[in-house]
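Observations on chain architecture
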Amino acid sequence: MPLYISSAGQEGVLASVLTLKPEDARLFYARSHEEALASGVKVKSLFDIFFGNPCLDSIKDFLQKNVGLPHSLVGSHLPHAVGYAWAAKILGKKIIVAAYFGEGATATCDFHSALNFSSIHKIPILFACINNGWAISTPPQLETATSSFAQKALGYGISASIVD
């Protein structure tokens, strides 16, 4: 496998996945594959993607379950999630888009652009920051000056909760 980053310690986020309806969308990143599995994506499809073998059946498996293909670039899927949710809002669809990302993404311009735009346009989206204590190789004290990553959402007028 060209890249595999464990999702150990991130099991608690599954509660949010299990509350989503089948028509709701989920966009996640390479480290949080438990969201795809909890949404019904087959293990084979997930491994096909991670092994760089995105066959049509595996891609269909993700899309039929409203799960976006995983992104390995930190935070790059967040503007996509906002765009998906904004389009749904414009079309009058009553869905939620859930975007899962690690705390390291909060230091990227994609994160800030996504939160700013969604706040201004009242986009129906759940941003789920999964703080496992390390952004690949960076400890939290070198990532942010805030006392929690949830405070970053407050700066954009978005309510935030810490769940442990």
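Description of the structure in this document. Just so we're clear, the structure is a prediction, and the values are computed from it rather than from any experiment.

Of regular secondary structure, the chain possesses seven helices and three strands. If you list the helices and strands of the chain from N to C, you get α-β-α-α-α-α-β-α-β-α. What you see for the chain is a C-alpha radius of gyration of 15 Å, in line with the 15 Å of a compact globule of 164 residues. With the C-alpha coordinates aligned to their principal axes, the bounding extent of the chain is approximately 45 × 40 × 25 Å. Out of the 164 residues in the chain, the part that is buried amounts to 44%. Considering only residue pairs separated by 6 or more positions, the chain has 67% of its internal contacts joining residues 24 or more positions apart. Entry remark: accessible area of the chain is about 8,800 Å², with carbon and sulfur atoms responsible for 62%. Between the averaged position of the 12 positive side-chain charges in the chain and that of its 12 negative side-chain charges there is a distance of 10 Å.

Strands sit in the order E1-E2-E3 across an open sheet of three strands; the sheet is parallel. This sheet does not close on itself; its edge strands, each paired only once, are strand E1 (25–27) and strand E3 (125–130). Recorded for the sheet is a direction-independent mean angle of 15° between the axes of neighbouring strands. Pairing analysis gives six bridges linking strand E2 (residues 97–102) to E3, with the strands arranged parallel. The partner of Phe-101 across the bridge, within E3, is Cys-129.

On to the pattern of salt bridges. This structure, assessed with the given rule, holds three salt bridges. With its nearest N and O atoms 3.9 Å apart, the salt bridge here joins Lys-21 to Glu-23. According to the relative accessible area criterion, Lys-21 is partly exposed, its value standing at 38%. The class of Glu-23 is partly exposed, set by a relative accessible area of 40%. Note that Asp-61 is salt-bridged to Lys-65, the shortest N-O span being 2.4 Å. Judged by its relative accessible area of 3%, Asp-61 is buried. Exposure remark for Lys-65: the relative accessible area of 24% places this residue in the partly exposed category.

Among the residues of helix H3 (residues 43–50), Ser-45, Leu-46, Asp-48, Ile-49 and Phe-50 are the ones counted as buried. Where H3 ends, the next residue or the one after it, Gly-52, has phi of about 75°, a positive value.

With that out of the way, let us pick up the pairing of E2. Burial of E2 is extensive: six of the six residues sit out of reach of the surface. In this structure, E1 lies alongside E2, joined through three bridges in parallel fashion. The residue of E2 that forms the bridge with Arg-26 is Ala-98. Between E2 and its parallel partner E3, the chain crosses via helix H6 (residues 109–120), and the hand of that crossover is right-handed.

Turning to a nonpolar patch on the surface, a few remarks are in order. On the surface, Leu-37, Val-43, Phe-47 and Phe-51 cluster together into a nonpolar patch covering about 360 Å² of accessible area. Residue position: Phe-51 is located in the loop between H3 and helix H4 (56–64).

Below, the discussion takes up the packing of aromatic side chains. Scanning the model with the defined rule gives five aromatic pairs in all. Each ring, one from Trp-86 and one from Phe-117, has its centre 4.8 Å from the other, and the planes form 75°; the classification is edge-to-face. Taken together, the positions of Trp-86 in helix H5 (residues 78–90) and Phe-117 in helix H6 put the pair 31 residues apart, joining distant regions of the chain. Classification of Phe-117 by relative accessible area gives partly exposed; the value is 29%. Cluster of aromatic residues (ring-pair linked, three or more members): Phe-101, Phe-111 and Phe-127.

The rules behind the values
Residues numbered from 1 in each chain as written. Predicted model: local features only at pLDDT ≥ 70, side-chain atom pairs only at ≥ 80, totals over all residues. Heavy atoms only, no water. Helix = DSSP H or I, 4+ residues; strand = E, 2+ residues; numbered from the N terminus. Rg over C-alpha atoms; globule rule 2.2 N^0.38 Å. Buried < 20%, exposed > 50% of the residue type's maximum accessible area, 1.4 Å probe, protein only. Contact = heavy atoms within 4.5 Å. Areas by Shrake-Rupley, 256 points an atom, 1.4 Å probe, with all protein chains shown as cover. Lys, Arg positive; Asp, Glu negative; His and termini not counted. Charge placed at Lys NZ, Arg CZ, Asp CG, Glu CD. Pairing = 2+ DSSP bridges. Axes fitted to C-alpha atoms, helices over the stretch in contact; angles between N-to-C directions. Salt bridge = Lys/Arg side-chain N within 4 Å of Asp/Glu carboxyl O. Right-handed = clockwise from strand over helix to strand, strands pointing away. Patch = residues over 30% accessible without salt bridge, like charges linked within 9 Å, V, L, I, M, F, W, Y side chains within 5 Å. Phe/Tyr/Trp six-rings, centres within 6.5 Å; stacked < 30°, edge-to-face > 60°.

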